[in-house]
Amino acid sequence: MKLTVTVLDTTGIQSYIFGSNRLRENIGSSYLVGQVTDAWVKQILRDKLGIEDPEASIETQDAELVYAGGGNTVLLFKSAEVAISFTQKLSFKVLKEAPGINLVVAHRHDFEWGQDQLYDTVQEMMKVDLDVKKRSRIPSSPLLGLGVTQDCNSTRLVAVDQSQNHGSPADYPVSREIVAKLDAVKPANTQLKQTLQLPDGWDIPLDFDDFGRSRDEMSYLAVVHIDGNSMGKRFQEFAKDKSDRDYITAMRDLSRSVEQAGEVVLQQLTQELISNWDMLKDKLDLTTQKLPFRPLVYGGDDIMFVCDGRLGLTLAVRALQLFETQPIADGKSLTACAGVCIVKAHYPFARAYELSEALCQSAKKIAKRERGGDERSEAVSAIDWHIAASGLLGDLAEIREREYRSQDGKPTDKTDGKPTDKHLEMRPLLLDADPYDWRNWPSFESVIKEFIKGDWKEKRNKVMALREVLRQGSAATKSFLTAYQLETLPIMPGSDRRLKSPLAEQGWLDGICGYFDAIEAMDFYIPLEVSQ
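Residues numbered from 1 in each chain as written. Predicted model: local features only at pLDDT ≥ 70, side-chain atom pairs only at ≥ 80, totals over all residues. Heavy atoms only, no water.

Draft legend 1. Focus on the sheet that holds strand β7 (residues 220-228). Reading across from one edge, β8-β9-β7-β10-β11-β14 is the order of the six strands in this open sheet, with mixed pairing throughout. The open sheet terminates on both sides in strands that have one partner only, identified here as β8 (293-297) and β14 (429-430). (Pairing = 2+ DSSP bridges. Helix = DSSP H or I, 4+ residues; strand = E, 2+ residues; numbered from the N terminus.)

Draft legend 2. Summary view of the nonpolar core. Grouped together as the largest cluster of nonpolar side chains are 106 residues, with contacts concentrated most on I226, Y247, I383 and F451. For this core, the element with the most residues is helix α8 (residues 244-275), which contributes 11 residues. The residues contacting F451, other than those within four sequence positions of it, are W456, K457, V463, L466, P490, Y515, A518, I519 and M522. With 53 residues, the next largest nonpolar core counts I51, A184, F211 and L296 among its residues. (Core = buried A, V, L, I, M, F, W, Y, C linked by side-chain atoms within 4.5 Å. Buried < 20%, exposed > 50% of the residue type's maximum accessible area, 1.4 Å probe, protein only. Contact = heavy atoms within 4.5 Å.)

Draft legend 3. Region of interest: the pairing of strand β9 (residues 303-308). By the criterion of burial, β9 is predominantly enclosed, with six of the six residues buried. Pairing of β8 with β9, which is carried by four bridges, proceeds in the antiparallel orientation. When the bridges of β9 are listed, P295 appears paired with F305. Between β8 and β9, which pair antiparallel one after the other, the connecting turn spans five residues, and G299 there sits at a positive phi close to 145°.

Draft legend 4. Here's a closer look at the packing of aromatic side chains. What the rule picks out here adds up to 15 aromatic pairs. For the pair F293 and F305, a centre-to-centre distance of 5.1 Å together with 70° between the ring planes defines the contact as edge-to-face. Taken together, the residues F293 in strand β8 and F305 in strand β9 connect sequence positions 12 residues apart. Per residue, the accessibility class of F293 equals that of F305, and both read buried. Here W385 and F444 contribute two aromatic rings whose centre-to-centre distance is 5.0 Å and whose plane-to-plane angle is 55°, an arrangement assigned as tilted. With a gap of 59 residues between them, W385 in strand β11 (residues 382-387) and F444 in helix α13 (residues 441-452) connect regions that are remote in the sequence. A residue is classified by how much of its surface remains accessible, and W385, at 0% relative accessible area, is buried. Exposure remark for F444: the relative accessible area of 0% places this residue in the buried category. Three or more aromatic residues link up through ring pairs in this structure, and these residues are F18, F208, F349 and Y353. The ring of W40 carries the charged tip of K93 above its face, separated from the ring centre by 5.0 Å. (Phe/Tyr/Trp six-rings, centres within 6.5 Å; stacked < 30°, edge-to-face > 60°. Lys NZ or Arg CZ within 6 Å of the ring centre and 35° of its normal.)

Draft legend 5. Quick look at the pairing of β7. Taken across its nine residues, β7 has eight buried, putting it largely inside the fold. Strand direction decides the pairing type here: β7 and strand β10 (residues 336-344), joined by nine bridges, are antiparallel. Note on β10: the bridge partner recorded for Y220 is K344. As defined by bridge partners, β7 adjoins β9 across six bridges and the pair is classed as antiparallel. Residue pairing for β9: H225 is matched across the bridge by M304.

Draft legend 6. Highlighting helix α6 (residues 185-196). Look at α6: 16 Å from first C-alpha to last across 12 residues, which is about the 16 Å you get at 1.5 Å a residue. Buried within α6 are the following residues: V185, A188, N189, L192, T195 and L196. Angularly, the buried residues of α6 cover 125° about the axis, an arc narrow enough to put them on a single face. Looking at α6, the residues exposed on the side facing more than 90 degrees away from the buried face are K186 and Q194. (Expected span 1.5 Å × (residues − 1). Arc of directions from axis to C-beta.)

Draft legend 7. The arrangement of unusual backbone geometry in detail. Here R427 and P428 are connected by a cis peptide whose omega angle stands at 5°. A cis amide bond, omega 20°, links S501 with the succeeding residue P502. By secondary structure assignment, the location of P502 is in helix α16 (residues 500-506). The backbone of D110 sits at a positive phi, close to 60°, despite the residue not being glycine. Tracing the backbone shows D110 in strand β4 (residues 102-112). The exposure class of D110 is exposed, given its relative accessible area of 57%. At D116, a position not held by glycine, the phi torsion is positive, near 60°. Take D116: it is sitting in the loop between β4 and α4 (118-136).

Draft legend 8. Expanded view of the side chain of R310. Along the chain, R310 turns up in the loop between β9 and α10 (312-323). From its side chain, R310 meets the backbone oxygen of K283 in a polar contact 3.3 Å long. (Polar contact = N/O pair within 3.5 Å; in protein donor to acceptor, adjacent residues only side chain to side chain.)

Draft legend 9. A look at a nonpolar patch on the surface. There is a patch of nonpolar side chains on the surface, built from L143, L146 and V148 and spanning about 370 Å² of accessible area. Position of L143 relative to the elements: it lies in the loop between α4 and β5 (161-162). (Patch = residues over 30% accessible without salt bridge, like charges linked within 9 Å, V, L, I, M, F, W, Y side chains within 5 Å. Areas by Shrake-Rupley, 256 points an atom, 1.4 Å probe, with all protein chains shown as cover. Salt bridge = Lys/Arg side-chain N within 4 Å of Asp/Glu carboxyl O.)

Draft legend 10. Quick peek at the sheet that holds strand β1 (residues 2-11). Pairing within the open sheet is antiparallel, and its four strands lie in the order β2-β3-β1-β4. Edge positions in the sheet fall to β2 (63-69) and β4, since each has one partner strand and no second. Ignoring strand direction, the axes of neighbouring strands in this sheet form an average angle of 15°. In terms of strand pairing, β1 meets β4 through nine bridges, oriented antiparallel. Paired with T6 across the two strands is H107, which belongs to β4. Seen against the sheet, helix α3 (residues 80-97) touches β1, β3 (72-77) and β4 and runs at an angle of roughly 170° to β4. Sitting on the sheet, α4 is in contact with β1, β2, β3 and β4, with an inclination near 140° to β4. (Axes fitted to C-alpha atoms, helices over the stretch in contact; angles between N-to-C directions.)

This is the structure we're talking about:
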């Protein structure tokens, strides 16, 4: 039986979702992207092509949805005509109801069903056919308007209406694209509440100003990007060398288990925020039962959420921990990496998201490869973050080279085989304690708790002074401790004797400072009580 294999993808999603500083527009755009590659596909198969069960076998109907996940959708059609008809209907719906989304479609006709080549065909289409389609696409040049037209405040396209007519409390001229995004806010919010299993009486923010902020004291947002480790490779390995039907079953099972894992993680985070509400209400200056937390992208191992800046590190670490406990169809643990960018509440959102993605990639490097250079047999979970008290100038490497080097450090010189480069930051950190790598979250957390709650709690002025001394290097740190008759800095847990000396006595180990990160993050760390 000859079939047509069709693969759907989208391009330019990052700028489509995160290009606006208005949360409602981000919410609507994220919802529409999910609709295009999943819900609308099923809707057209049912309503336009008469396919009652899109996942029923292609041998009994004209089309079959193989799977929809990870931003891609794969379908089988009995004929090229049916495939093209489906594509036309989906394209028309996207143009009409979600202007601004770029849909890419690749077809392969004359696929021979039953020869167990579906896996290879889909892999080749994703790597080659979609790439060719994306590169050969002719970018559209929308008419930005004439002298007598009014610009949309968000897209600079021609405005067609006012935002207040589409549920926005602020009133500004909007284009068709923004109208579609604002109209999608209500169903997006309903869908998210159902996903989070939010109890009655609780709500989630629709505007950046809705997040808990202590006015005149603290006004920061955390943009958190979490991504599973090597998921593409896992999907390939799980589906490889299977018959056509077994390939479809395997892809669906793995997709559903990863999807379910992501939902459970978000539900658990929500419940833990609610169970800690009395504490959060006081610390975050919350006046209504509105969670200071909003997932914007969710669906499997790829999660992006915004929250009060003081909860960013806590929620990111908790999400990574919860991911590792979820059952996955291939039987392996689900490890992931997180990038957390903490910025002023009204900082350009797209720039903050871009840095959170770079931080996630920075964490992935240490997740896959040990700091010594050896590749790990299995990737582990890791986290990296940046706290921007002002603006963000340059990329992540430039920011760290400019702002996180000690005054006596020399970027490249080495002495007796030991690096003299003085990195003030110890991140990225491994999620779990590691006897061979002291730069891990439990070590960091023990230090920050000691500064906040332990013997150092009453020495905040000394702690703040220590931050500046650490910039001067290990000799200055040792002199600082001697001057204040302090024996050591907080000692990190672990069997490595170097954690006490020289690290706790000088503040530095292997050219890395073990305390600057903790001091910098003191005001951005609120631990939650969680049931184990």
